[in-house]
Amino acid sequence: MPVTERARELALTAAQAAADKKAQDIVLIDVADQLYITDAFVIASAANERQVGSIVDAIEEALMGLPEKAKPARREGERQGRWVLLDYIDVVIHIQHAEEREFYALDKLWKDCPTIEFVDRDLAEAEASSGVA
């Protein structure tokens, strides 16, 4: 069974909030067929611990701003700021320092799962205004 619409909404909103804070390598993975406990992962990288925290704050704010507010059921790793996990039940969000992202390679671990398409709205608008398709 593919990712639910609610999980898709949460994942895309979180991804855009991360992109707005200049997160890198944002990937959305549909793990609904592989895991019972969640439908999707959002994985993003940050250059330093401070940026990890900034991205996490932006994601939480964006998800609380949805018409059907979302608050994380669990939050881990914030103290170290190298890998913060936000568990929204339907979606688990991993914001990792670039070094942790490379070392743990979650993308490779879940490479057999389908991805959810995400296009940063700022990039899409920039391409549209420049006439690039």
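No experiment lies behind these values; they were computed from the predicted model shown.

Draft legend 1. Quick look at the nonpolar core. Membership of the largest hydrophobic core comes to 29 residues, with the highest contact counts inside it found for Ile59, Leu63, Val91, Ile93 and Ile95. At the level of elements, α1 (5–20), β2 (40–46), α2 (49–64), β4 (83–87) and β5 (91–97) are the ones that each hand at least two residues to this core. Per element, the largest residue contribution to this core is seven residues, and it comes from α1. The next biggest cluster of nonpolar side chains, apart from the first, holds nine residues, and it includes Phe41, Ile43, Leu85 and Leu106.

Draft legend 2. Expanded view of the packing of α1 against α2. Packing of α1 against α2 leaves a shortest axis separation of 8 Å and a crossing angle of 135°. In terms of orientation, α1 lies oblique with respect to α2. Crossing of α1 over α2 shows right-handed handedness. Between α1, through Leu10, Thr13, Ala14, Ala17 and Ala18, and α2, the contact on the second element is made entirely by Ile55, Ala58, Ile59, Ala62 and Leu63. Each residue belonging to the contact of α1 with α2 can be placed in one class, and the counts come to nine nonpolar, one polar and no charged.

Draft legend 3. Broad picture of the pairing of β2. Burial within β2 is extensive, with seven of its seven residues counted as buried. The alternating pattern of β2 places Ala40, Val42, Ala44 and Ala46 on one face and Phe41, Ile43 and Ser45 on the opposite face, and all of these are buried. Summarising the sheet, strand β1 (residues 24–30) and β2 pair through five bridges and their orientation is antiparallel. Its bridge partner being in β2, Ile29 is matched across the sheet by Phe41.

The rules behind the values
Residues numbered from 1 in each chain as written. Predicted model: local features only at pLDDT ≥ 70, side-chain atom pairs only at ≥ 80, totals over all residues. Heavy atoms only, no water. Core = buried A, V, L, I, M, F, W, Y, C linked by side-chain atoms within 4.5 Å. Buried < 20%, exposed > 50% of the residue type's maximum accessible area, 1.4 Å probe, protein only. Helix = DSSP H or I, 4+ residues; strand = E, 2+ residues; numbered from the N terminus. Axes fitted to C-alpha atoms, helices over the stretch in contact; angles between N-to-C directions. Parallel < 35°, antiparallel > 145°, perpendicular 65-115°, else oblique. Left-handed = near helix turned anticlockwise from the far one by under 90°. Contact = heavy atoms within 4.5 Å. Nonpolar A, V, L, I, M, F, W, Y, C, P; charged D, E, K, R; others polar. Pairing = 2+ DSSP bridges.

On their own, these measurements won't tell you what the molecule is for.
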